[in-house]
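# What the coordinates show
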Amino acid sequence: MASKILIIGACGQIGTELTMALREKVGNQNVIASDIREGSPELMASGPFEVADATNFEQIQDLVIQYEIDEVYLMAAMLSATAEKFPMKGWALNMNSLFHVLNLAKDKKVSKVFWPSSIAVFGPTTPKKDTPQTTIMEPSTVYGISKQAGERWCEYYHNKFGVDVRSIRYPGLISYKTLPGGGTTDYAVEIYHEALKNKKYTSFLKEDTELPMMFMDDAIRATISLMEAPAENVKIRSSYNLAALNFTPATLTKAIQKHIPEFEIDYAPDFRQAIADSWPSSIDDSRAREDWGWQHEFDIDRMTEEMLEGIKEVHHV
Ligand SMILES: NC(=O)c1ccc[n+]([C@@H]2O[C@H](COP(=O)([O-])OP(=O)(O)OC[C@H]3O[C@@H](n4cnc5c(N)ncnc54)[C@H](O)[C@@H]3O)[C@@H](O)[C@H]2O)c1
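Worth saying up front: this structure is predicted, and the values here are computed from it rather than measured.

Rules behind the numbers
- Residues numbered from 1 in each chain as written.
- Predicted model: local features only at pLDDT ≥ 70, side-chain atom pairs only at ≥ 80, totals over all residues.
- Helix = DSSP H or I, 4+ residues; strand = E, 2+ residues; numbered from the N terminus.
- Rg over C-alpha atoms; globule rule 2.2 N^0.38 Å.
- Buried ≥ 20, exposed ≤ 12 C-beta atoms within 10 Å, placed from the backbone.
- Near = placed C-beta within 6 Å.
- Nonpolar A, V, L, I, M, F, W, Y, C, P; charged D, E, K, R; others polar.
- Domains from an automatic or database assignment.
- Pairing = 2+ DSSP bridges.
- UniProt positions renumbered as here; feature names shortened; annotations may be inferred.
- Expected span 1.5 Å × (residues − 1).
- Contact = placed C-beta atoms within 7 Å.
- Axes fitted to C-alpha atoms, helices over the stretch in contact; angles between N-to-C directions.
- Left-handed = near helix turned anticlockwise from the far one by under 90°.
- Core = buried A, V, L, I, M, F, W, Y, C linked by C-beta atoms within 7 Å.

### Considerations on the overall build of the chain
A count of helical and extended segments in the chain gives 12 helices and 14 strands. Relative to the compact-globule value of 20 Å for 317 residues, the chain shows a C-alpha radius of gyration of 19 Å, a close match. For the C-alpha atoms alone, the extent of the chain along its principal axes is close to 55 × 45 × 40 Å. Sorting the 317 residues of the chain into buried and exposed places 47% on the buried side.

### Quick notes on the site of the ligand
Residues in contact with the ligand amount to 27 residues; listed here are only the nearest, Gly-9, Gly-12, Ala-54, Ala-77 and Gly-181. Put simply, the parts of the chain that give the shell around the ligand at least two residues each are helix 1 (13-26) and strand 9 (172-174). Residue composition of the shell around the ligand, by class: 14 nonpolar, 10 polar and 3 charged. Mapping the shell around the ligand onto the domain boundaries places at least three of its residues in each of domain 1 (5-172 + 214-241) and domain 2 (174-213 + 246-282 + 299-315).

### Things to note about the pairing of strand 4 (residues 71-74)
Successive side chains on a regular strand alternate, one facing one side of the sheet and the next facing the other. Both faces of strand 4 are covered, namely the face carrying Glu-71 and Tyr-73 and the face carrying Val-72 and Leu-74. As defined by bridge partners, strand 1 (residues 5-8) adjoins strand 4 across 4 bridges and the pair is classed as parallel. In the sheet register, Leu-6 faces strand 4, and the bridge partner there is Val-72. Note: strand 4 against strand 5 (residues 112-114), 3 bridges, orientation parallel. Residue Val-72 lies in a different strand from strand 5, and its bridge partner there is Val-113.

### Some thoughts on the UniProt feature "domain: NAD-dependent epimerase/dehydratase" (unreviewed entry) in the chain
If you check UniProt for "domain: NAD-dependent epimerase/dehydratase" (unreviewed entry), the listed places come out as residues 5-242 in our numbering. Counted over residues 5-242, helix gives 42% and strand 17%. Its end C-alpha atoms are 23 Å apart.

### Looking at the sheet that holds strand 8 (residues 168-170)
On the basis of which strands lie adjacent, the open sheet formed by 3 strands has the order 6-8-12 and parallel pairing. If you trace the sheet from one side to the other, it starts and ends with strand 6 (117-118) and strand 12 (240-241), each paired once. Strand direction decides the pairing type here: strand 6 and strand 8, joined by 2 bridges, are parallel. The partner of Ser-117 across the bridge, within strand 8, is Arg-169.

### So, helix 5 (residues 87-106)
Helix length check: helix 5 (20 residues) gives 28 Å between terminal C-alpha atoms against 28 Å at 1.5 Å per residue, within 8%. Listed as buried for helix 5 are Gly-90, Leu-93, Asn-94, Ser-97, Leu-98, His-100, Val-101, Leu-102, Leu-104 and Ala-105. Lys-108, located one to two residues past helix 5, shows a positive phi value of around 65 degrees.

### Section: the sheet that holds strand 4
As summarised here, the arrangement of the 6 strands in space is 3-2-1-4-5-7, forming an open sheet in which the pairing is parallel. Bordering the open sheet on either side are strand 3 (49-51) and strand 7 (165-166), each of which pairs with just one other strand. Bridging between strand 5 and strand 7 involves 2 bridges; their strand directions are parallel. When the sheet's bridge partners are listed, Phe-114 is paired in strand 7 with Arg-166.

### As for the domain arrangement of the chain
According to the domain assignment, the chain contains domain 1 (5-172 + 214-241) and domain 2 (174-213 + 246-282 + 299-315). Placing the centre of domain 1 and that of domain 2 at their C-alpha centroids yields a distance of 25 Å. With 27 residues of domain 1 at the contact, the number on the domain 2 side is 25 residues. If you list the elements that add at least two residues to the side of domain 1 that touches domain 2, you get helix 1, helix 4 (80-85) and strand 11 (211-215). In terms of residue count, the dominant contributor to the side of domain 1 that touches domain 2 is helix 4 (4 residues). The residue makeup of the side of domain 1 that touches domain 2, split by class, is 10 nonpolar, 12 polar and 5 charged.

### Digging into helix 8 (residues 216-228)
With 13 residues, helix 8 extends 18 Å from end C-alpha to end C-alpha; this agrees with the ideal 18 Å at 1.5 Å per step. Those residues of helix 8 that sit buried are Met-216, Asp-218, Ala-219, Ile-220, Ala-222, Thr-223 and Leu-226.

### Thoughts on the packing of helix 7 (residues 187-197) against helix 9 (residues 249-257)
Contact geometry for helix 7 and helix 9: axes closest at 11 Å, N-to-C directions at 35 degrees. Between helix 7 and helix 9 the crossing geometry is right-handed. Contact with helix 7, carried on its side by Tyr-187, Ala-188, Ile-191, Tyr-192 and Ala-195, involves Pro-249, Leu-252 and Ile-256 of helix 9 and no other residues of that element. Residues that form the contact of helix 7 with helix 9 fall into these classes: 8 nonpolar, no polar and no charged.

### Section: the nonpolar core
In this structure, Ile-7, Ile-8, Val-72, Leu-74, Met-75, Val-113 and Ile-174 are the most contacted members of the largest nonpolar core, which totals 94 residues. Sequence-distant contacts of Val-72, that is, excluding residues within four places in its chain, are made with Leu-6, Ile-8, Val-101, Val-110 and Val-113.

Spelled out as C-alpha cells, the structure:
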C-alpha cells in the first residue's frame, strides 16, 4: 500500500510543486495538501485539501489520524525577509510547527518527517566559500536562528527518540509556478518576470552578491530522493548541505540577456543586502552526494531557458 502523505504549508513556493510531484508519484488521493490558505487551481483540483494551522497541534493531529498519515512534509514557515519584520511571530511559527510534527513522530503517529532547513543557518563568521557541512554557525537573522535551533531539535529527536526525520539546507530556490514567499533570494525569481514584462529590473541586492541557488525541479527531486533513501544511508539527522549553482545578479543578468538582449538591470540594495551578506556564496554538498547519491541537473543557462518559457506559458506574459 502506498504511503499516506501530509504536506503542511502545501500552497507555498515549494509546497505547490512538491504536492504535485508526490501526487504524480504515489497517487492523488494519497497526498493530503494542507495550508491556512487555498492554493493554485491545479493543486486544489488534483487531490484532497484541508485548511489547517501548523501551530495548532490538535488540528494537525486530527488530520494525521483522519487520513492515517505515514509521512509529513512540514513546509509552513516564515521566511527570512518577513521574519526580520515580525521576529516573535516568525520564531513561534517556525519552532512550534516543528515541535508538533516531531512530537507526533515521537509518539509513533507518523513514521517519517521531512523538515526544510536553509543556508540561513550560516552566519557572518562561517567560511563563505564552499561552506562545509560542519562549520561555524552563528546565524544573525531571526529566520536563521530558528532554522539552526530546528536542526538541533531534529537531531535530538532522532538520537533520543529514534524519530526518522530528514532535512535539507535549501539554497535560494527558483521557480515559475508559484511566486516566492518573502525570502532574500526572491530577486532571482522576480528578475525573470520583470525581464519578460518590462525589460528592466531593479535588484534589491548588489550586482556582485553571490549566493547559492537551485532550480525548483532539482530541489523537489532532492527532497523526494532523500525521503526515499534507506534510513541507514541518511547519516546526517540535523540537515544536509545541498548545492547546484552560485551566481550574482550581474551573472544572472548576462544569462537572461542571451535571450532578451535589451534587458537592463539597476541596483537599489535594501535591508535584504545585510541578510545576503551574512550567508555563504557557495556550499560544499559532498555528504549529500556520498550518502544518498545527490546530483543536480540544472545549470544557469538551462534554468534560464526553463524560467523564461515557463513564465510565458503559466503567466501569459
Ligand atoms: N523558497 C526558498 O528559496 C527556500 C530556501 C530555503 C528554505 N526554504 C524553506 O522551505 C520551506 C517552504 O518554503 P516556501 O518557499 O515554499 O515558503 P512559502 O512562504 O512560499 O510557503 C509557505 C506556506 O506556508 C503557509 N503557512 C504559513 N503559516 C502557516 C500556518 N500557521 N499553518 C499552515 N500553513 C502556513 C503559507 O500560507 C504558505 O503557503 C520553509 O521552511 C522555508 O524556510 C525555502
